[in-house]
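Structural overview
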Amino acid sequence: MITSLETKHLNKEFKELYKISFPKNERLSFLFLSTQLKTKRGVLVHYYDENNFIGFTFSVSFKNFTCLVFFATNPEYRNQGYGKKILDIYFKENNQKIIFLNCEAPENNDKENIKYRRFSFYRRNGFLPTSLVMSFKNVDYLSLVNRELNDNEFEELRNIFLHYGCTCKIDTNILSL
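Residues numbered from 1 in each chain as written. Predicted model: local features only at pLDDT ≥ 70, side-chain atom pairs only at ≥ 80, totals over all residues. Heavy atoms only, no water.

1. Let's talk about helix H5 (residues 151–163)
In a regular helix each residue adds 1.5 Å, so 13 residues correspond to 18 Å; H5 covers 18 Å between its end C-alpha atoms and thus fits that length. Residues of H5 that are buried: Glu153, Phe154, Leu157, Ile160 and Phe161. Seen end-on, H5 carries its buried residues on one side only, within an arc spanning 115°. Residues Asp151, Asn152 and His163 are exposed on H5 and point more than 90 degrees away from its buried face. Buried-residue contacts for H5 involve strand S4 (65–73), strand S5 (98–104), strand S6 (128–136), strand S7 (139–145) and strand S8 (167–170). At the C-terminal side of H5, Gly165 shows a positive phi close to 80°. (Helix = DSSP H or I, 4+ residues; strand = E, 2+ residues; numbered from the N terminus. Expected span 1.5 Å × (residues − 1). Buried < 20%, exposed > 50% of the residue type's maximum accessible area, 1.4 Å probe, protein only. Arc of directions from axis to C-beta. Contact = heavy atoms within 4.5 Å.)

Here it is, written out as structure tokens:
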């Protein structure tokens, strides 16, 4: 049985999995992440199967939204259904807000390509693409949400990105992915 444990500290397990799961250009500093936890804007949750650390989620909350900023499964437990189980728990624990995340657009349908695999995983697990493309550190990310957005919610999501200095563009071709 998978259990979740919210923590306020970036421990060794987290740091190691974070470094191997995300390329350097996608990572935020440990100082920034710690500050988000201390101000209670950020939430770090570890997931365990018995005593085995299987992954984590790091989220930041806004008025009507929760951003799943980082989600990783320990390589030892990938492709065994743990990612889906973690997301199921995450959805239950965050069901009061619209959940969004950003991932790089798949460049082709190569099932071995990590961008394709990530995007497909999120689509299979209930995330829907929006037409919003956010740029951060010169990388374009697709914004995915856990449910359809109305016009006001879409604009609120766009404003979150703009507030943090990201650039945004609309690309309706994404909706066909």
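2. Overview of helix H4 (residues 114–124)
Every buried residue of H4 is listed here: Lys115, Tyr116, Phe119, Ser120, Phe121 and Tyr122. A positive phi of about 100° marks Gly126, the residue just after H4.

3. Points about the pairing of S7
In terms of residue burial, S7 counts as a mostly covered element, since 6 of its 7 residues are buried. Of the strand pairs in this sheet, S5 and S7 are connected by 5 bridges, and their pairing is antiparallel. Residue pairing across strands places Leu101 opposite Leu144, the latter belonging to S7. When S6 meets S7, the two strands line up antiparallel, connected through 6 bridges. In the strand pairing of S7, Pro129 is matched with Leu144. Turn length for the S6-S7 hairpin, with the two strands adjacent in sequence and antiparallel, is 2 residues, and the turn residue Lys137 shows positive phi of about 55°. (Pairing = 2+ DSSP bridges.)

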